[in-house]
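A look at the structure
Now for the letters of each chain:
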Amino acid sequence: MAVSQMDTDVAIIGGGGAGVAAAIEAGDAGAKVVLLEQADALGGTAAISGGGCLIVGTPLQESQGIHDTPDLAFEDWVKWGQGAADEVWARYYIEHSLHDLYFWAEKYGAKWIDMKFQEGNRVFRWHRPANNGLGLMTALIDGMKAKGATQVLSSTAAEKLLTQDNRVCGVRAKTGKSGQTTDILAKTVIVATGGFNSNLDMVLEARPEFKAFKVMEGSGRGATGSGHKLIRELGGYFTHMEHIWFYVYATPDYRDPAGRRGLVFRLTPGYVWVNQQGRRFHDESRTGGASATPALLAQNPPHAWAILDTPMTAKMEVADPYYRDGDKVRRDRVQELLDSSPYIKKAESLGELATKVQVDGPTFLNEVEQYNKAFDGSLEKEPKFGKSLKQSKKFDTPPYYAIQLFPLARKNFGGVKTDLRCRALNRYFEPILGLYAAGEVAGMAGGHINGKAGLEGTMLGPSIFSGRVAGGWAAHEAGFGPGFIGKPNRPLG
Ligand SMILES: Cc1cc2nc3c(=O)[nH]c(=O)nc-3n(C[C@H](O)[C@H](O)[C@H](O)COP(=O)(O)OP(=O)(O)OC[C@H]3O[C@@H](n4cnc5c(N)ncnc54)[C@H](O)[C@@H]3O)c2cc1C
């Protein structure tokens, strides 16, 4: 095998949120950077994400009369993490989110346009950038390219970390199209390869109890855990791996030849979910991983049917690039899904629908009747679970649809343990020399910044932030710059 060689100061594996942020930071410090991305284009899961970031004390919050503080956010964060959050990293991120994420991203042209309330937060602090994750990542990628410090090798997958004298000294990579193998020799290496939720085997290894029923892959296509393997080979310490954020408003992707992927669909406030006995079991407006997921998993069997009438389908969005054209929903493709998926049933009456999905007919019809009665009585909330009916409607317009829901693995809250400089640690909590890790491979930051549950916006934000931290310190170790300093959002001292 002919192996070519190249030299750089900092090599970064993975061109998603963390990798691109790391490249900007290392480049700004004066280091020469090589960024490897296995896909044809940069962006990773970050570019297909909602783009929402938890940020504290922003002008957008102030403009809506919301006074938020790092202390308030920290309390919410730690409580929601159920005792498993890395409090040091959580505090570090929260304190830095205003200057080192909000204003920093704006500098590259990102625009924070609105906010959404998310479960577990006492105030609105989930900030959405224009054009979601794609908008944010496009701004950062363009900014990185404009600086000229980073050489991007796309369609190039890292296969092995190279070591010499007990320290990481580079990465061996293969370029897809040519099959060329290259050793990229570097003073420091950052692994920013994302999570493992598009690798069902790894999901089931972390959560063996899920082998008993259907679970779907649901992260970006590149989130296959390849970086975990590279780090594990060098003795990296992985922690909180069982803390996987499952969503339950997802149905199998019938177009996936392997039959493993799922599709998340959202913005269907009027729908109801019933279990296989035909009963509603949850307030369907609470779709979070800490509320909806346990509710679904408590059903027997642990799946459900989302019931919609035709006008409700008009609002449905599918969180997958095939169903979008930039920021627009491809309605034709959503309809194609409704008409073609074997996991979706359609009927002219609710009774016929019950028969098709084999739920108990009288129980199911009674559930829908009770729900509809709340509209007849002009109630603000339906009585069974107290769901607000503001954005909902009665079931009255056939055809009716039943979409089968199974748990979908979306986000990894655990990963390789790092210190506050993002140096990857071994099981003695000593740095593996020359090796850094940021983003979802490091449980978003540090190993487990969220704990058992996330306040939302606590994946992408910390991934980008930890990318910056890793980039700054990896450059410093390579001989460039002072390391990541940043600016907390309150006066020091
Ligand atoms: C549909 C969806 C919506 C989401 N929405 C939100 C949201 O609104 N808010 C939020 O906080 N979080 C959200 N998330 C989670 C968030 O997007 C991720 O946690 C975040 O993108 C992780 O960033 P990362 O840089 O670590 O990984 P990624 O963005 O996944 O980037 C990793 C990159 O590494 C590449 N790579 C992997 N292995 C190799 C290799 N061996 N060699 C070379 N390259 C490699 C991959 O191809 C990929 O491009 C969402 C996730 C999904 C799936």
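Owing to the predicted nature of the structure, the values given are computational and were not obtained by experimental measurement. One numbering rule holds for all chains: residues counted from 1, following each sequence as written. Since the coordinates come from a predicted model, pLDDT governs what is reported: local features require at least 70, and pairs of side-chain atoms require 80 or more to be given and counted, while whole-chain, interface and lining totals use all residues. Side-chain descriptors were evaluated using all non-hydrogen atoms of the structure, hydrogens and water having been removed beforehand.

Describing the overall build of the chain
Each helix is a run of DSSP H or I of at least 4 residues and each strand a run of E of at least 2, with the numbering of both proceeding from the N terminus. In terms of regular secondary structure, the chain is built from 14 helices and 25 strands. Per-residue accessibility, obtained with a 1.4 Å probe over protein chains only, is compared with the maximum for each type, and a residue is labelled buried under 20%, exposed over 50%, and partly exposed between these values. In the chain, buried positions account for 59% of the 493 residues. Restricting the contact set of the chain to residue pairs at least 6 apart, pairs at least 24 apart contribute 72%. With 56 positive and 54 negative side-chain charges, the chain shows a spacing of 1 Å between the two charge centroids. Any two residues whose heavy atoms approach within 4.5 Å are treated as being in contact. The charged-residue count follows a simple rule in which Lys and Arg add positive charge and Asp and Glu add negative charge, with His and chain termini not counted at all. All charge positions are set by atom: Lys at NZ, Arg at CZ, Asp at CG, Glu at CD.

Some points on the sheet that holds strand S5 (residues 126-129)
Paired through backbone hydrogen bonds, the strands of a sheet run either parallel or antiparallel to each other. Here we have three strands laid out as an open sheet, ordered S3-S5-S4, and antiparallel in their pairing. Across the chains shown, the open sheet's two edge strands, defined by having one partner strand only, are strand S3 (53-54) and strand S4 (112-116). Here the rule is simple: two strands pair whenever DSSP picks up at least two bridges between them. Inspection of the sheet shows S4 paired to S5 by four bridges, in the antiparallel sense. Considered in S5, the bridge of Trp112 is made with Pro129. Between N-to-C directions, angles cover 0 to 180 degrees, with each direction set by a line fitted to C-alpha atoms, over the stretch in contact for helices. The sheet strands contacting helix H5 (residues 87-107) are S3, S4 and S5, and the helix crosses S4 at an angle near 140 degrees.

Observations concerning the site of the ligand
Taken together, 39 residues lie near the ligand, and Ala18, Glu37, Thr45, Glu440 and Leu460 sit nearest. Note that a nitrogen atom of the ligand is positioned 2.8 Å from one of the backbone N or O atoms of Gly52. Secondary-structure elements contributing two or more residues to the shell around the ligand are helix H1 (17-28), helix H2 (44-48), strand S7 (156-164), strand S22 (408-412) and helix H14 (460-477). In terms of residue count, H2 provides more of the shell around the ligand than any other element does, four residues in total. In terms of residue class, the shell around the ligand is made up of 12 nonpolar, 23 polar and four charged. Summary of the distance rule: residues count as near a molecule or strand when at least one heavy atom falls within 4 Å of that molecule or strand. Here a polar contact is recorded for every N or O atom pair within 3.5 Å, except that within protein the pair must consist of a potential hydrogen donor and a potential acceptor, and residues adjacent in sequence are included only if both atoms are side-chain atoms. Basically, the charged four are Asp, Glu, Lys and Arg, the nonpolar ten are Ala, Val, Leu, Ile, Met, Phe, Trp, Tyr, Cys and Pro, and anything else, Gly included, counts as polar.

Concerning the pairing of strand S16 (residues 304-308)
Burial runs high along S16: five of the five residues are buried. Every second residue of S16 is oriented toward a common face, with Ala304, Ala306 and Leu308 on one face and Trp305 and Ile307 on the other, all of them buried. Where strand S15 (residues 272-274) and S16 come together, three bridges link them in antiparallel fashion. Among the inter-strand pairings, Val274 is bridged to a residue of S16, identified as Trp305.

With respect to the pattern of salt bridges
When a carboxyl oxygen of Asp or Glu is within 4 Å of a side-chain nitrogen of Lys or Arg, the pair counts as a salt bridge. What the rule picks out here adds up to 31 salt bridges. Close ionic contact of Lys187 with Asp9 constitutes a salt bridge, the shortest N to O distance being 2.7 Å. Here Lys187, found in strand S9 (residues 181-191), pairs with Asp9, found in strand S1 (residues 3-13); they are 178 residues apart in sequence, far enough to count as distant. You can call Lys187 partly exposed: its relative accessible area is 41%. By relative accessible area, which is 7% here, Asp9 ends up buried. When the shortest N-O distance is used, the salt bridge between Lys147 and Asp28 registers 2.8 Å. Of this pair, Lys147 sits in helix H6 (residues 132-147) while Asp28 is found in helix H1, placing the two residues 119 residues apart along the sequence. Within this structure, Asp68, Glu75, Asp76, Arg122 and Arg125 form a network of salt bridges that share partners.

Describing the domain arrangement of the chain
Domain delimitation follows an automatic or database domain assignment. According to the domain assignment, the chain contains domain 1 (3-233 + 410-477) and domain 2 (249-406). Taking the mean C-alpha position of each, domain 1 and domain 2 sit 33 Å from one another. Each partner contributes residues to the interface: domain 1 has 19 residues there, and domain 2 has 24 residues. Per-residue buried area on domain 1 facing domain 2 is highest for Glu119, Lys214 and Met216; these three make up 35% of the total on that side. Remark: the boundary between domain 1 and domain 2 carries two salt bridges. Glu217 is the partner of Arg260 in a salt bridge, and the nearest nitrogen-oxygen pair spans 3.0 Å. The tally of links between domain 1 and domain 2 comes to seven residue pairs in polar contact (both at pLDDT 80 or more). By definition, the buried area sums, over both parts, the 1.4 Å-probe accessible area that each loses when the two are put together.

Concerning helix H12 (residues 350-357)
An α-helical turn contains 3.6 residues, so a residue and the one three or four places further along point in the same direction. Among the residues of H12, those classed as buried are Leu350, Leu353, Ala354 and Val357. All buried residues of H12 fall inside an arc of 100 degrees around its axis, so they share one side. Where the residues of H12 are buried, they touch S16, strand S20 (344-347), helix H13 (361-376) and strand S21 (400-405). Phi turns positive, to about 60 degrees, at Gln358, one or two residues after H12. The arc in question is formed by the directions pointing from the helix axis toward the C-beta atoms.

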